[in-house]
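Residue-level structural notes
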Amino acid sequence: GNSVTQMEGPVTLSEEAFLTINCTYTATGYPSLFWYVQYPGEGLQLLLKATKADDKGSNKGFEATYRKETTSFHLEKGSVQVSDSAVYFCALRQGGSEKLVFGKGTKLTVNP
Amino acid sequence: SQTIHQWPATLVQPVGSPLSLECTVEGTSNPNLYWYRQAAGRGLQLLFYSVGIGQISSEVPQNLSASRPQDRQFILSSKKLLLSDSGFYLCAWTSGGRGSYEQYFGPGTRLTVT
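First, a word on what this report is: a plain description of the structure on this page. (Residues numbered from 1 in each chain as written. Chains lettered and ligands numbered in written order. Predicted model: local features only at pLDDT ≥ 70, side-chain atom pairs only at ≥ 80, totals over all residues. Heavy atoms only, no water.)

What follows covers the interface of chain B and chain A. With 21 residues of chain B in contact, the opposing surface of chain A contributes 19 residues. When the two sides are added together, the surface that chain B and chain A hide from each other amounts to roughly 1500 Å², 56% of it contributed by carbon and sulfur. On the surface where chain B and chain A come into contact, there are 2 salt bridges. Where chain B meets chain A, there are 4 residue pairs in polar contact (both at pLDDT 80 or more). If you list the elements that add at least two residues to the side of chain B that touches chain A, you get strand 4 (31-38), strand 5 (44-52) and strand 9 (87-95) of chain B. (Contact = heavy atoms within 4.5 Å. Buried area = accessible area lost by both parts, 1.4 Å probe. Salt bridge = Lys/Arg side-chain N within 4 Å of Asp/Glu carboxyl O. Polar contact = N/O pair within 3.5 Å; in protein donor to acceptor, adjacent residues only side chain to side chain. Helix = DSSP H or I, 4+ residues; strand = E, 2+ residues; numbered from the N terminus.)

With that out of the way, let us pick up the pattern of salt bridges. Counted by the stated rule, this structure contains 7 salt bridges over all chains. A salt bridge links A:Lys52 to A:Asp55; the shortest N-O distance between them is 3.3 Å.

A full pass over the atoms with the stated rule returns 2 disulfides over all chains. A sulfur-sulfur distance of 1.9 Å marks the disulfide that ties A:Cys23 to A:Cys90. The disulfide joining A:Cys23 to A:Cys90 has a torsion of about -70° about its S-S bond and is therefore left-handed. Of this pair, A:Cys23 sits in strand 4 (residues 23-26) while A:Cys90 sits in strand 10 (residues 86-93), and the two are 67 residues apart along the sequence. We classify A:Cys23 as buried; its relative accessible area is 1%. For B:Cys23, the disulfide goes to B:Cys91, at an S-S distance of 2.0 Å. Between B:Cys23 and B:Cys91 the sulfur-sulfur dihedral comes to about -75°; the bridge is accordingly left-handed. With B:Cys23 in strand 3 (residues 19-26) and B:Cys91 in strand 9, this pair connects stretches of sequence that are 68 residues apart. (Disulfide = S-S within 2.5 Å. Buried < 20%, exposed > 50% of the residue type's maximum accessible area, 1.4 Å probe, protein only.)

Structure representation (structure tokens):
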């Protein structure tokens, strides 16, 4: 079946550090891929997405590239801020399915 | 623009009491609707989804149920709450038909069963 695997957290960084959160997936065909962010006490917000191989999603300084050959969609940011502290979820949607498959989430804490 | 509402925002209920959580979407028609639960420090668990009025798909057998009495209304219910029902409940919607199917989430309801 379809699945998403994210790196185990929590991740703690200092402000302005480089961020990578790994995400790999298992799916047939060409799923759409997403990163969601959840700030404390809130619902999830779509951060970025990619719908086909080699697409790069970007938003708020975050980027992720859809790599079909490595079945990966790693999230990166060059310089994190304290306000980026949140839980990040990687997700996929298999074509023809009504559902998203989520990873378990990675908690990021950025210290000043 | 589309918005999604959930209420109540927080709820404290005793074990064995009933539950009703409501979710409504504005600014769209015929959305797909979803209920998730997020236990403390854990990921998302899909509970139910609906592609139309009266159409409910259950993902996890448990003492919860869902109903969709109107196109943009999705209700999560229980006749008797368990301690294990505590968690953060999230409603989400997505547009039906073709597309990348990103889901949009409501603000959530924090349920504590005592």
